[in-house]
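Analysis of the macromolecular model
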Amino acid sequence: MELRLIAVGRRMPGWVEEGWRVFARRMPPQLRLRLLEVPLGRRAGRRNINAVLAEEGARILSAAGNARIMALDCQGSLLTTAGLARHMAGWMQEGRDVALLVGGPDGLYRDCLTQAEHRWCISPLTLPHMLVRIIVAEQLYRAWTVLQNHPYHRGG
C-alpha cells in the first residue's frame, strides 16, 4: 500500500527535501510514503483564480488516481495522533492507496474537497506549504509507530 502526499509546488529548499526524506525513509516497505509534486497554476496577469485552481485540481486528482483521498484543509477536522493512527489502521486493513492532498497558495480546488473522504486540518495556524510536507510525513510516521507500539511515540 502507498501513502501519496500530492502537493502543489516544486523546487523546495534543501531542508524541506531532507526533512521529508527523513520520515519517508522510516516508513516500512508495506506502507511506502511517496511525494508527488504538481506545478503551480499560472497566476500571471488577470487570470481568474478559479481557472488556476481548476488547473491545479485536475493535476492533483490525476495524480491521486483511484486512491482514497484525504484533503488537507483549514476547514477540515482536527485529528489527534491516536485519531490519525485509527485512520491509518483502517487504510492498512483495506489495503487501498491513500492520497493526501496539499493545495497551493490559494488552497485546493473544490473538486478535490468534494472527492475527499476526509478533510484534515493539521493546525488552526496558517502554515507554509513547504513545512506542511514535513509535518504530515512526521505525523504519518508517528501514527505508524503508535500502531506498532514503537517507543518513538510516547505522547497521548
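Placed above this text is the structure.
Residues numbered from 1 in each chain as written. Predicted model: local features only at pLDDT ≥ 70, side-chain atom pairs only at ≥ 80, totals over all residues. Heavy atoms only, no water.

1. Focus on the packing of aromatic side chains
Inspection of the entire model under this criterion finds two aromatic pairs. Aromatic side chains Phe 23 and Tyr 141 sit 6.3 Å apart centroid to centroid with 40° between the ring planes, which places their arrangement in the tilted category. Taken together, the positions of Phe 23 in helix α1 (residues 14-26) and Tyr 141 in helix α5 (residues 129-147) put the pair 118 residues apart, joining distant regions of the chain. Tyr 141 matches Phe 23 in its accessibility class, with the two residues each being buried. Members of the aromatic cluster, each reached through a chain of ring pairs, are Phe 23, Tyr 141 and Trp 144. Above the face of the Tyr 141 ring, Arg 26 is positioned so that its terminal group lies 5.4 Å from the ring centre. (Phe/Tyr/Trp six-rings, centres within 6.5 Å; stacked < 30°, edge-to-face > 60°. Helix = DSSP H or I, 4+ residues; strand = E, 2+ residues; numbered from the N terminus. Buried < 20%, exposed > 50% of the residue type's maximum accessible area, 1.4 Å probe, protein only. Lys NZ or Arg CZ within 6 Å of the ring centre and 35° of its normal.)

2. Some thoughts on the nonpolar core
Nonpolar side chains in soluble globular proteins generally cluster together in the buried interior. Counting residues in each nonpolar core, the largest one holds 29 residues, and the members touching the most others are Leu 3, Met 27, Leu 33, Met 88, Trp 91, Leu 100 and Leu 140. Of all the secondary-structure elements, those providing two or more residues to this core are β1 (2-8), α1, β3 (68-78), α3 (81-94), β4 (98-102) and α5. In terms of residues, this core owes the most to one element, α5, which gives eight residues. Here Leu 140 is in contact with Leu 3, Met 27, Leu 33, Leu 84, Met 88, Trp 91 and Leu 100, once residues within four sequence places are set aside. The next biggest cluster of nonpolar side chains, apart from the first, holds 18 residues, and it includes Leu 53, Ile 60, Leu 61 and Ala 71. (Core = buried A, V, L, I, M, F, W, Y, C linked by side-chain atoms within 4.5 Å. Contact = heavy atoms within 4.5 Å.)

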